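Residues per chain are reported as follows:
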Amino acid sequence: MSKKLKQIVLIGTILLLFVFICVSFYLGRQGRAEYKDEVEYVIGVSQANMREAWRLALIQEIQEEAKKYPNIRIIAKDATSIVDKQEQDVDKLLQFGIDLLIISPCDTGKMTEKVKEVYQNGIPVIVMDRGVEGFEYSLFIGPDNDMIGRQAGEAVVALFDGRPGTVLKLCGNVSATQNQERIRGFDSVVQGYSQITLETRYMEKELKDTAYDALSAMQEKLQDVDVVFANSDYVAQGAYEALRDMGLEQAIQIVGTDGFTGEDEGVDMVMQGKMAATISCPTGGREAIQYAINILEQQSGVPKQVILRSRTITRENADRYLAALKKETADTGNLITMGYSQVGQESKWRFANTRSIQEAAREFNIRLLFDDANQSQEKQIAAIRRFIQEKVDVIVVSPVVETGWDEVLKEAKAAGIPVVMSDRKVVTAEKDLTMTYIGADFLEEGRRAMRWIRDNITPHKQKMNILELKGNKGASPTEERGRGFAEILKECPNFQVIYSGYGNFTYEEGKEIIERYLQNHAWDVDVIYAHNDDMALGAIEALEQSGISPGTDVKIISVDATRDAFQAMVDGKLNCTVECNPLLGAPLMKAVRDMVSGKEMPVRIITEEKVYDQSVAEDFISQRVY
Ligand code: GYE
């Protein structure tokens, strides 16, 4: 190409690019301008694809719910399962001037950066269904795919009813996170039954036709198969038609997932006897719009994650399931009576938590029967029994320890009183004894503490010594903050925990542990990891009394992010605190009102949390509300 021609092409390209940018900007302004007089908020929806019925259901639910809010407009984009296109869709929505983005990522890993970019540019982002890595988003709403897999496994086990046999898993795109989680959950249940043989058939795609072809190709090998597990209801449809065409539909049963309610979809197939069970996978579209409004109107209590409940649907309960979906939920505003069993008064966090519960009860018109157990499980169990006798509408427990609750929770279930876990979790042998957990991700808090150490403390010797101040033994925050911390510590060969003690989350006991350590050891600790600020602050007092400079001679990392911790960071005595939000009142009371009005309760509601260190302590201390 001659030099002259090259110059012409270059100038032409630049001109074209300039025109494209101008037109896009004008359309963006024009587009938003077109709505500016009609609506207050424009919500962009970026869908991975609009081919699968589950995704269509998600969009339909979003649009249906959005109709209730005349001040918002929805603009949806279909990425047709192509990551590059989804990135372009998001850019176009931003050019349009959206106020909030709802996105169901094509691919967890590949969309993380794009979601992070939007979120960090100040546009709220609600991530749905498939998550993204990390926490750079406003809110995640999705199912617990591991639980869906476990429920499917339990449905399959029930079909065998103790008899030996073979289940064939039809698996689609195993690189997709949600499929991995469902298969993990499914296998974790079925592998517990040695008389059940587990076979797997992988398919190119999770489509009805690929399932039909996969099973048809196996014809003679199906003679030993008793049950097929289909990782979606479309796969189940294809499986059923293949079995029917081979005359095997009576010999082999099917369990699916998704639980769609359209004609000849999951629930319908169960009711027709074509499928033994399906596990519902709620889309969360309704919740997405409700929370989007909360976020846009900057309401308090918006959590970080809402994990939706999935149901096992069989011929026995399908009618009830459909009726419940159709049931109009209306919050009558009537007074609700709540029995609340609180752990005690062991820390500043607890005081803030109690205040939040009591204030929110008043705000949400809930009559609160509040019991403070002073760290005694026995007292908590007695309080729960009193609440049952008083026939409260709902029981909420912040359990001092994880175990030992089965009996009293069964009594509450027998009395027909729903139980919600607030702040801390329980571990029970029987399932479904509690409705929902509202609180923090303690495992992640522990990981964040050790990640901060790894990223901010440069080892000055082969092994840096860590002393761990633990909460009360058997409490979920103690156990999980310990496990999360240890998980990251394993990747950090220059650090080791040389001593740990249970300080029960109190200032005094945190102080005592350090005093005892100093009495029995020459001081050889480089880092203190405290499961809460109170114990860290007690440790700081003990160190200062011994002439050891906290925050410099020994680095200190704790959890909760109370105002006292911020002051200690400002004073240079504490190095970092991982937030654990005690202000659970609003999300708890909102969830309880939703439940009493007939809405489906999420399985888990996880609060928003950040990590703060000395570099930001001055900037944030005045904003701390607890
Ligand atoms: O970290 C601590 C309180 O259960 C998360 O209990 C809560 C913990 C919190 O005593 O300060």
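Use the structure listed above.
Bear in mind the structure is a predicted one, so any value in this text is a computation, not a measurement. (Residues numbered from 1 in each chain as written. Predicted model: local features only at pLDDT ≥ 70, side-chain atom pairs only at ≥ 80, totals over all residues. Heavy atoms only, no water.)

Draft legend 1. Here's a closer look at the overall build of the chain. Helix and strand counts for the chain stand at 21 helices and 24 strands. Its C-alpha atoms give the chain a radius of gyration of 27 Å, within 12% of the compact-globule value 25 Å for 626 residues. Its C-alpha atoms give the chain principal-axis dimensions of roughly 80 × 80 × 55 Å. When the 626 residues of the chain are sorted by exposure, 54% land in the buried category. Of the contacts made within the chain by residues no fewer than 6 positions apart, 74% connect residues no fewer than 24 positions apart. By element, 49% of the accessible surface of the chain is carried by carbon and sulfur atoms, the whole surface being about 27,800 Å². The averaged location of the 95 negative side-chain charges in the chain is 2 Å from the averaged location of its 73 positive side-chain charges. (Helix = DSSP H or I, 4+ residues; strand = E, 2+ residues; numbered from the N terminus. Rg over C-alpha atoms; globule rule 2.2 N^0.38 Å. Buried < 20%, exposed > 50% of the residue type's maximum accessible area, 1.4 Å probe, protein only. Contact = heavy atoms within 4.5 Å. Areas by Shrake-Rupley, 256 points an atom, 1.4 Å probe, with all protein chains shown as cover. Lys, Arg positive; Asp, Glu negative; His and termini not counted. Charge placed at Lys NZ, Arg CZ, Asp CG, Glu CD.)

Draft legend 2. Structural context of the sheet that holds strand β24 (residues 611–613). Pairing is mixed in the open sheet, where six strands are placed in the order β19-β18-β20-β21-β22-β24. Where the open sheet ends on each side, the last strands, each with one partner, are β19 (495–502) and β24. The average undirected angle you get between the axes of adjacent strands in this sheet is 20°. Sheet topology note: the strand β21 (residues 555–560)/strand β22 (residues 576–579) ladder contains four bridges and is parallel. Bridging from a neighbouring strand, Val 559 pairs with Val 578 of β22. Those strands touched by helix α18 (residues 533–545) are β18 (464–470), β20 (527–530), β21 and β22, and its axis lies near 150° from that of β21. (Pairing = 2+ DSSP bridges. Axes fitted to C-alpha atoms, helices over the stretch in contact; angles between N-to-C directions.)

Draft legend 3. Fine view of the site of the ligand. With respect to spatial proximity, 13 residues lie near the ligand, and among them Glu 346, Asp 423, Arg 424, Arg 481 and Asp 560 are the closest. Contacts to the ligand include Arg 350, whose side-chain N or O atom sits 3.1 Å from an oxygen atom. Between the ligand and the protein, one listed contact pairs an oxygen atom with a side-chain N or O atom of Asp 423 at 2.7 Å. Protein chains bury 100% of the 300 Å² of accessible surface belonging to the ligand in isolation. Every element with two or more residues in the shell around the ligand is listed here: α12 (348–363) and α16 (476–489). Across the shell around the ligand, the residue classes break down as five nonpolar, two polar and six charged. (Near = heavy atom within 4 Å. Polar contact = N/O pair within 3.5 Å; in protein donor to acceptor, adjacent residues only side chain to side chain. Nonpolar A, V, L, I, M, F, W, Y, C, P; charged D, E, K, R; others polar.)

Draft legend 4. Structural detail: the packing of helix α3 (residues 83–96) against helix α4 (residues 108–120). At a closest axis distance of 10 Å, the pairing of α3 and α4 adopts a crossing angle of 10°. Between α3 and α4, the angle falls in the class roughly parallel. Facing α3, whose interface residues are Val 83, Gln 86, Glu 87, Val 90, Asp 91 and Leu 94, α4 presents Lys 110, Met 111, Lys 114, Glu 117 and Val 118. Counted by class, the contact of α3 with α4 contains five nonpolar, one polar and five charged residues. (Parallel < 35°, antiparallel > 145°, perpendicular 65-115°, else oblique.)

Draft legend 5. Structural context of unusual backbone geometry. The phi dihedral of Thr 80 is positive, around 45°, even though this residue is not glycine. Mapped onto the fold, Thr 80 is located in the loop between β2 (72–78) and α3. A positive phi angle, close to 125°, is found at Asp 560, a residue other than glycine. When you line up the elements, Asp 560 lands in strand β21.

Draft legend 6. Spatial organisation of the side chain of Thr 314. Here Thr 314 is to be found in strand β12 (residues 312–314). The exposure class assigned to Thr 314 is buried, which follows from its relative accessible area of 18%. In this view, Thr 314 contacts Val 270, Ala 276 and Ala 277; residues no more than four positions away in its chain are not counted.

Draft legend 7. Region of interest: the pattern of salt bridges. Evaluated as defined, the whole model comprises 43 salt bridges. A salt bridge links Lys 511 to Glu 515; the shortest N-O distance between them is 3.8 Å. Taken together, the positions of Lys 511 and Glu 515, both in helix α17 (residues 507–520) and four residues apart, correspond to about one turn of that helix. Relative accessible area serves as the criterion here: at 13%, Lys 511 is assigned to the buried category. In this structure, Lys 511 and Glu 541 form a salt bridge, with 3.3 Å as the shortest nitrogen-oxygen distance. Placement of Lys 511 in helix α17 and of Glu 541 in helix α18 is noted, with a sequence separation of 30 residues between them. Taking relative accessible area as the criterion, Glu 541 reaches 25% and is therefore assigned partly exposed. The structure contains a network of salt bridges with shared partners spanning Glu 444, Arg 447, Arg 448, Arg 451 and Glu 487. (Salt bridge = Lys/Arg side-chain N within 4 Å of Asp/Glu carboxyl O.)

Draft legend 8. Expanded view of the packing of aromatic side chains. The tally for this structure, following the rule as stated, stands at eight aromatic pairs. Across from the ring centre of Phe 135, 4.5 Å away, lies the NZ or CZ of Arg 448, which sits over that ring. Above the ring of Tyr 291, the side-chain terminus of Lys 590 is found at 5.3 Å from the ring centroid. (Phe/Tyr/Trp six-rings, centres within 6.5 Å; stacked < 30°, edge-to-face > 60°. Lys NZ or Arg CZ within 6 Å of the ring centre and 35° of its normal.)

Draft legend 9. Representation of the environment of Ile 74 within the structure. Considering the arrangement of structural elements, one finds Ile 74 in strand β2. Measuring from C-alpha to C-alpha, the distance between Ile 74 and Glu 487 comes to 42 Å, with 413 residues separating the pair along the chain. With residues up to four places along the chain from it excluded, the contact list for Ile 74 reads Ile 43, Val 45, Ile 62, Ala 66 and Ile 289.

Draft legend 10. Representation of the nonpolar core in the model. Counting residues in each nonpolar core, the largest one holds 46 residues, and the members touching the most others are Ile 43, Ile 102, Ile 126, Ile 141 and Val 167. Every residue in contact with Ile 126, bar those within four places of it in the chain, is listed here: Leu 100, Leu 101, Ile 102, Ile 103, Leu 139, Ile 141, Ala 288, Tyr 291, Ala 292 and Ile 295. Leu 489, Val 559, Val 578 and Cys 580 belong to the second largest nonpolar core, which has 45 residues in total. (Core = buried A, V, L, I, M, F, W, Y, C linked by side-chain atoms within 4.5 Å.)

Draft legend 11. Main features of the pairing of β19. Here β18 runs beside β19; their pairing, made up of seven bridges, is parallel. In the strand pairing of β19, Lys 470 is matched with Tyr 502. One crossover worth recording links β18 to the parallel β19 by way of α16, and it is right-handed. (Right-handed = clockwise from strand over helix to strand, strands pointing away.)

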